[in-house]
Amino acid sequence: MTVSYTQKVSECRGFGSFWRLLFRWRGSIYKLVWPDTLVYCFLYFICSMVYRFALNEYQRRIFEHLSLYCDYFRNLIPISFVLGFYVSVVVDRWWEQYLSIPWPDDFALLCAAYIRGKDGTPRAIRATVLRYVNLTCLLTFTNISPKVLKKFPTYREIIRAGYVTPNEVRVLQQQERVTSAALSTLPLMWSCQLMESARTSGYVRNDYGLNLLLSELTSLRSKAGMLVRWTDISVPLVYTQVVTMAVYSFFFFSVLGRQFLDPAQNYTNRTIDFFVPIFTLLQFFFYMGWLKVAESLVNPFGEDDDDFDLDLILERHLKMSYLLGDVTPSEDPLNLGDLCWDKVITEVYERSANDLGHLASRENLKHRPTRNYCQGGQEFSDFKSGLGQDNLTYDLGRGDLGYDLGRGDLGSSECSRSGISDLNRQESCSVPWKIETRATEQRVRDNDPALPSPGAKRVGSSEGTVRRGTVGRGTVG
């Protein structure tokens, strides 16, 4: 994971706060440069020892001219321009890759807002679509990160971690035999179909909420696809080769060109004889460190100190998804009064309390699920509240009259109604789940006498009665 040090430099006093960062090892320049520095020092001191003790006077003159020649022409290499521009491109690319990582937080909040209900089917729908989103993140990360691939090399580890069911794995494996395209975003297609069917069956509050949910799913798909494209399309290889050759050739010739020569020969800028090339080592340290920064950031999904730890990000995504999207009654702040309202805004508190009481006193719509066809009736067995309850109650708020939802299915029309046995037999089915629900009509009139009775006349209607509406399969009677 990227080394964080901002808390260590929160205050700037005296001579500054960056000095304390110079003595850190993890993610430091010392850790990246020390192997190259040792090799460079070894070659430099070998040449220096040969010049000083192994050559005669004539051979020393030849070595001195060769050193002056290398020192002059190595300065013609535009190392500062080439290396600086390359590092700038790599750093910008590194940050854009981080921004392309999909984060399911917004989608989890939208699920909690528009798929209302704390137990039963609504809760199971939220958990399933959030699991599909996290499955997409996992499949995407395994394609770009060797570290994540080591943790999840096969579908068996993914099943054991709870991201996918065996039936869904069979669907994925079937699609792998059909197409060569990446299947990392296929679970998002399942989520879109599940959202659409949930809206048809009345579990999504309105069309605006469905639009927001689908828009967020497409945004997650775009980010996941962009992340893969960042990995497939790299910085042009020729530019990387030019930078590498420029840096290493510059310091290769400096092994001879930066040697300390005999001061008695009065060469220009060679009037002092030092054994240790202090400024040459600093130059090597800075330029080589610059190159190592580019090498470590060009692919931030590996195992370097400054790489993105996608393994921890994946674990964080799963925890945050269920924290934001799976609301239980004990976590609902609306059940608790705000102790500050009666002290600061008394009138607002009283009016809000009356509104909450009015909503709580309304008769709720009761939905009765008929049968669950997935995983032998255990599709949502991972959740504390299953689908086997006789009555599932939801408060849909004021103004909901209730409709006969008919037989709506949370699945694709390609899947058979006869259950999971038919689903396993169908080779072309690409959706691994199926639920059928039936809800009965019940009008809400408590605390709202303005609602018309079944025998009331409708204004402007020639029939004289209010007709019952049915919603299901897209028809209204």
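Residues numbered from 1 in each chain as written. Predicted model: local features only at pLDDT ≥ 70, side-chain atom pairs only at ≥ 80, totals over all residues. Heavy atoms only, no water.

Under an unreviewed UniProt entry, the chain has the name Bestrophin homolog and belongs to Cherax quadricarinatus. In UniProt, the chain has this text filed under Function (unreviewed entry): "Forms chloride channels." (UniProt positions renumbered as here; feature names shortened; annotations may be inferred.)

Some words on the layout of surface pockets
Space inside the second largest pocket adds up to approximately 720 Å³. Tyr5, Gly27, Ser28, Ile29 and Asp306 are the residues nearest the centre of the second largest pocket, which is lined by 23 residues in total. Among the elements that take part in the lining of the second largest pocket, helix α12 (residues 278-297) stands out by supplying seven residues, more than any other. (1 Å grid on protein atoms, 1.4 Å probe; cavity = no way out; pocket = protein on both sides within 12 Å on 5 of 7 lines; lining within 4 Å. Points joined across faces, edges and corners; volume = space filled by probe spheres on them. Helix = DSSP H or I, 4+ residues; strand = E, 2+ residues; numbered from the N terminus.)

A closer look at the packing of helix α4 (residues 105-114) against helix α13 (residues 310-325)
Closest axis-to-axis distance for the α4/α13 pair is 8 Å, and the angle between their directions is 20°. The orientation of α4 with respect to α13, classified from their angle, is roughly parallel. Crossing hand, α4 versus α13: right-handed. Across the interface between the two elements, Asp105, Ala108, Leu109 and Ala112 of α4 pack against Arg316, Met320, Ser321, Leu324 and Gly325 of α13. Taken together, the residues that form the contact of α4 with α13 break down as five nonpolar, two polar and two charged. (Axes fitted to C-alpha atoms, helices over the stretch in contact; angles between N-to-C directions. Parallel < 35°, antiparallel > 145°, perpendicular 65-115°, else oblique. Left-handed = near helix turned anticlockwise from the far one by under 90°. Contact = heavy atoms within 4.5 Å. Nonpolar A, V, L, I, M, F, W, Y, C, P; charged D, E, K, R; others polar.)

Section: a positive patch on the surface
A cluster of like positive charges, contributed by Lys8, Arg20, Arg24 and Arg26, occupies part of the molecular surface. Its place among the elements puts Lys8 in the segment before α1 (29-54). (Patch = residues over 30% accessible without salt bridge, like charges linked within 9 Å, V, L, I, M, F, W, Y side chains within 5 Å. Areas by Shrake-Rupley, 256 points an atom, 1.4 Å probe, with all protein chains shown as cover. Salt bridge = Lys/Arg side-chain N within 4 Å of Asp/Glu carboxyl O. Lys, Arg positive; Asp, Glu negative; His and termini not counted. Charge placed at Lys NZ, Arg CZ, Asp CG, Glu CD.)

Focus: helix α5 (residues 120-144)
For α5, with 25 residues, the first-to-last C-alpha span of 37 Å sits near the 36 Å given by 1.5 Å per residue. Here α5 lies mainly inside the structure; 24 of its 25 residues are buried. (Expected span 1.5 Å × (residues − 1). Buried < 20%, exposed > 50% of the residue type's maximum accessible area, 1.4 Å probe, protein only.)

Some words on the nonpolar core
For soluble globular proteins, nonpolar side chains are generally found buried alongside one another. Among the nonpolar cores identified, the biggest contains 50 residues, and Phe141, Ile158, Phe251 and Leu310 are the most heavily contacted of them. Not counting residues up to four positions away in its chain, the partners in contact with Ile158 are Leu135, Leu138, Leu139, Phe152, Tyr163 and Val164. Counting 20 residues, the second largest nonpolar core, distinct from the first, contains Ala108, Cys111, Tyr114 and Tyr203. (Core = buried A, V, L, I, M, F, W, Y, C linked by side-chain atoms within 4.5 Å.)

Some words on a nonpolar patch on the surface
A grouping of Phe15, Trp19, Leu22, Phe23, Trp25, Tyr30, Trp34 and Leu38 is seen on the molecular surface, where their side chains present a nonpolar patch of about 1100 Å² in accessible area. Residue classification places Leu22 among the partly exposed positions, given a relative accessible area of 39%.

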